[in-house]
Amino acid sequence: MSIISTHYQYLHWLIIALSFSIPISVAISNIFVGFIILYLLIEGNIKQRIIDSFHHPLGLAIWIFVGWQMVTILWTSGYVNVFKNSYLLLIPFLLTTIKKETIRPALLSFVMAMTISEIISYGIFFELFNFKDRTPDDPTPFMTHIQYNPLLAFSILLLIVMFFQEHQSMRAKIYYAFFATTMTINMFITGGRAGQVVFFILMTLAALYFLRKHFLKLMAFLILLPIVFITAYQTSNLFHQRVNLVFEDIQKFPHDPETSVGRRIFFAQQSLKLIKEAPIFGHGQGSFPGEYARLSSNSPFLTVRTCAQPHNQYLLIAVQNGLIGVILFLNIFIQQMRLFLKAPESEWRIFQLALPVMFMIICLSDSYIYGHATQLFFVLFSSLLYHRSLIAPKV
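In this text the structure is predicted, and so the values were computed from the model without any measurement.

## Section: the pattern of salt bridges
Stage number 1. Throughout the structure, instances matching the rule amount to seven salt bridges.
Stage number 2. For Arg49, the salt bridge is made with Glu43, and the minimal N-O distance between the two is 3.0 Å.
Stage number 3. Among the residues examined, Glu43 registers a relative accessible area of 21% and is labelled partly exposed.
Stage number 4. Where Arg134 meets Asp133, a salt bridge forms, and the shortest distance between an N and an O atom there is 3.0 Å.

If you want it as structure tokens, here you go:
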């Protein structure tokens, strides 16, 4: 194992601290982001790092996407949340700064924070203590269930992969197995449907990846997943209700869109009308709230007249940045998957595929690249997983 230089240790520990704070606190994670930016500024070589990032496919994709968003400010009709996803710009710099030695402790730090969140979640669910304004029906301690469950799904995958790593001690394996199980149960006593969907998809992805040469084991695992779903559906009242509610909301929509699914359908309808007005270049970065209010001012439904974002990342980008913006956004995921295909085998390779797949799916149900915790998660894990030490020497 190589020795971490004294100079780099500051960033090493800041990254680990940021990884731990993302699921825990908006304020604390922002403080660590500030210190990381300060480190990069003090370290210098900003110009060279920008040049280096242009030679990294993911870094270049980020620059182009964010650059196009900034260009569309020139014709925007509003300036609300213009820089809402500005943390993405950390990726090109961290890709060229983070060292391999930071990857494992940063991932472990994140899992530890999610473990603490899960334990508190159980305490809220079983009414062992009061925590802020959380209730047993909504037992996610530090984030909303919309952001909590996707991060929980990724944590479960991390624990499962680390369990099967050969160099792990028996004590570590027991820890990983236990908390992978408890997190899976926790997934279905919280209400984040996007996270629950992505959980099954990530588990299927992991099975296809690790068991692709073992047909019988693969079939057994793929049979097990529906059993998990049925068990959760039969035993978790909240999960049962949330699944049924999707179909009920769809049926209600024509006469009552004031439901979780109904609002999303209405937002999508209005967004498509806005897209038709400016399909190629969009209405400009930050324009969605104003343009949506203009179009929906005569809506008979009170709560859907105003909307900061349409609960769909692709629709939001299409309205603000046009078809060009959507293509450039998808290019980020395409580059991540290209790097996965070119990467040599490593203990973290599965996550180079899981990360873009996860975000491509959850961005259909909300603007996760705009949400604080999920945006920082995407930034940090993109910087860690596509570091040059984990991909082909020449990218």
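## Brief notes about the packing of aromatic side chains
Stage number 1. Applying the stated criterion across every chain yields a total of 31 aromatic pairs.
Stage number 2. Look at Phe54 and Trp63: their rings are 5.9 Å apart centre to centre, the planes differ by 20°, and that puts the pair in the stacked class.
Stage number 3. Through pairs of rings, three or more aromatic residues link up here, namely Phe65, Phe110, Phe154, Tyr314, Phe329, Phe333, Trp348, Phe351, Phe359, Phe377, Phe378 and Phe381.
Stage number 4. Its guanidinium or amino end placed over the ring of Phe163, Lys173 lies 4.9 Å from that ring's centre, counting from NZ or CZ.
Stage number 5. Over the ring of Phe340 we find Arg349, and its NZ or CZ is 4.4 Å from the ring centre.

## Observations concerning unusual backbone geometry
Stage number 1. A positive phi angle, near 55°, is found at Glu127, a position not held by glycine.
Stage number 2. Overall, the relative accessible area of 64% leaves Glu127 in the exposed class.
Stage number 3. A positive phi angle, near 50°, is found at Lys132, a position not held by glycine.

## Some points on the environment of Leu89
Stage number 1. Tracing the backbone through its elements, the reader meets Leu89 in the loop between α4 (57-71) and α5 (90-95).
Stage number 2. Using a relative accessible area of 28% as the deciding quantity, one classes Leu89 as partly exposed.
Stage number 3. Separated by 22 residues in sequence, Leu89 and Gly67 place their C-alpha atoms 9.8 Å apart.

## Re the packing of helix α12 (residues 260-277) against helix α14 (residues 313-342)
Stage number 1. Running from N to C, α12 and α14 point in directions that differ by 30°, and their axes come no closer than 9 Å. Taken as axis vectors, α12 and α14 run roughly parallel relative to one another. Judged by the twist between their axes, the crossing of α12 over α14 is left-handed. Here Ala268, Ser271, Leu272, Leu274 and Ile275 of α12 come into contact with α14, specifically with Leu315, Ala318 and Val319.
Stage number 2. When the residues that make up the contact of α12 with α14 are grouped by side-chain class, the tally is seven nonpolar, one polar and no charged.

Reading the values: rules and limits
Residues numbered from 1 in each chain as written. Predicted model: local features only at pLDDT ≥ 70, side-chain atom pairs only at ≥ 80, totals over all residues. Heavy atoms only, no water. Salt bridge = Lys/Arg side-chain N within 4 Å of Asp/Glu carboxyl O. Buried < 20%, exposed > 50% of the residue type's maximum accessible area, 1.4 Å probe, protein only. Phe/Tyr/Trp six-rings, centres within 6.5 Å; stacked < 30°, edge-to-face > 60°. Lys NZ or Arg CZ within 6 Å of the ring centre and 35° of its normal. Helix = DSSP H or I, 4+ residues; strand = E, 2+ residues; numbered from the N terminus. Axes fitted to C-alpha atoms, helices over the stretch in contact; angles between N-to-C directions. Parallel < 35°, antiparallel > 145°, perpendicular 65-115°, else oblique. Left-handed = near helix turned anticlockwise from the far one by under 90°. Contact = heavy atoms within 4.5 Å. Nonpolar A, V, L, I, M, F, W, Y, C, P; charged D, E, K, R; others polar.

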